[in-house]
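Per-entry structural report
One-letter residues, chain by chain:
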Amino acid sequence: MEFKSKFLLTQYCCISNLVALIVALTYYMAMVFMRRTIVSNKVMSLLQSSQVALSITQLLEKLKEDGLQPNRSTVYRILDKLVEKGVVSLLAVNNAPTYFEWSDKKGHHHHFFCYECKTLFCLSRCHVETLGVDLKKLLPNQHFKITAHDFNLYGVCPPCAK
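Residues numbered from 1 in each chain as written. Predicted model: local features only at pLDDT ≥ 70, side-chain atom pairs only at ≥ 80, totals over all residues. Heavy atoms only, no water.

Focus: the pairing of strand S4 (residues 111-114)
Residues His-111 and Phe-113 line one face of S4 and the alternating positions Phe-112 and Cys-114 line the opposite face, and both faces are buried. Judged from the three bridges that link them, S4 and strand S5 (residues 120-122) form a sheet pairing that is antiparallel. If you follow His-111 over to S5, its bridge partner there is Cys-122. Two successive antiparallel strands, S4 and S5, enclose a turn made up of five residues, where Lys-118 displays a positive phi of approximately 60°. Of the strand pairs in this sheet, S4 and strand S6 (residues 152-155) are connected by four bridges, and their pairing is parallel. Looking at S6, one finds that His-111 is bridged to Asn-152. (Buried < 20%, exposed > 50% of the residue type's maximum accessible area, 1.4 Å probe, protein only. Helix = DSSP H or I, 4+ residues; strand = E, 2+ residues; numbered from the N terminus. Pairing = 2+ DSSP bridges.)

Quick look at the structure:
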């Protein structure tokens, strides 16, 4: 993949295409700075195209569907490198495995975890910010300073609820 300045100016002059450019450049940078293998390329592709965050087990299942059967440790090493480079986010969920998602997909957002199918769904945005919740009111006193927040919902998704 090669980006030339003339190409960038003509193809990405619209603001709406800026997100596509950022995702493409992030993917390109991840490819440049890590060893390129069939498995690492496929892991990045799976995470980038997924509408939900994926666990290591889900990633291994999808790789197997594509005829790839890497060791779990190989996939963990790839994910560690991608997390270290900031290309992939690591998501911790209560009483569940760790999940991974492509970092530039949606910006700051939260998740819904289905206890039945073990799927971690991305919510469309940060509802704490959207609803104007004043998190400072939840603190023990005014001397605490919030630097970030994390918010997950837990329950059963519609297909599992049937």
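Focus: helix H3 (residues 38-49)
Owing to its 3.6 residues per turn, the α-helix aligns residues three or four sequence positions apart on the same side. With twelve residues, H3 ought to run about 16 Å at 1.5 Å a step, and its terminal C-alpha atoms sit 16 Å apart, in line with that. Considered for burial, the residues of H3 that qualify are Val-39, Ser-40, Val-43, Met-44, Leu-46 and Leu-47. An end-on view of H3 places all buried positions within 160° of arc, on one side of the element. (Expected span 1.5 Å × (residues − 1). Arc of directions from axis to C-beta.)

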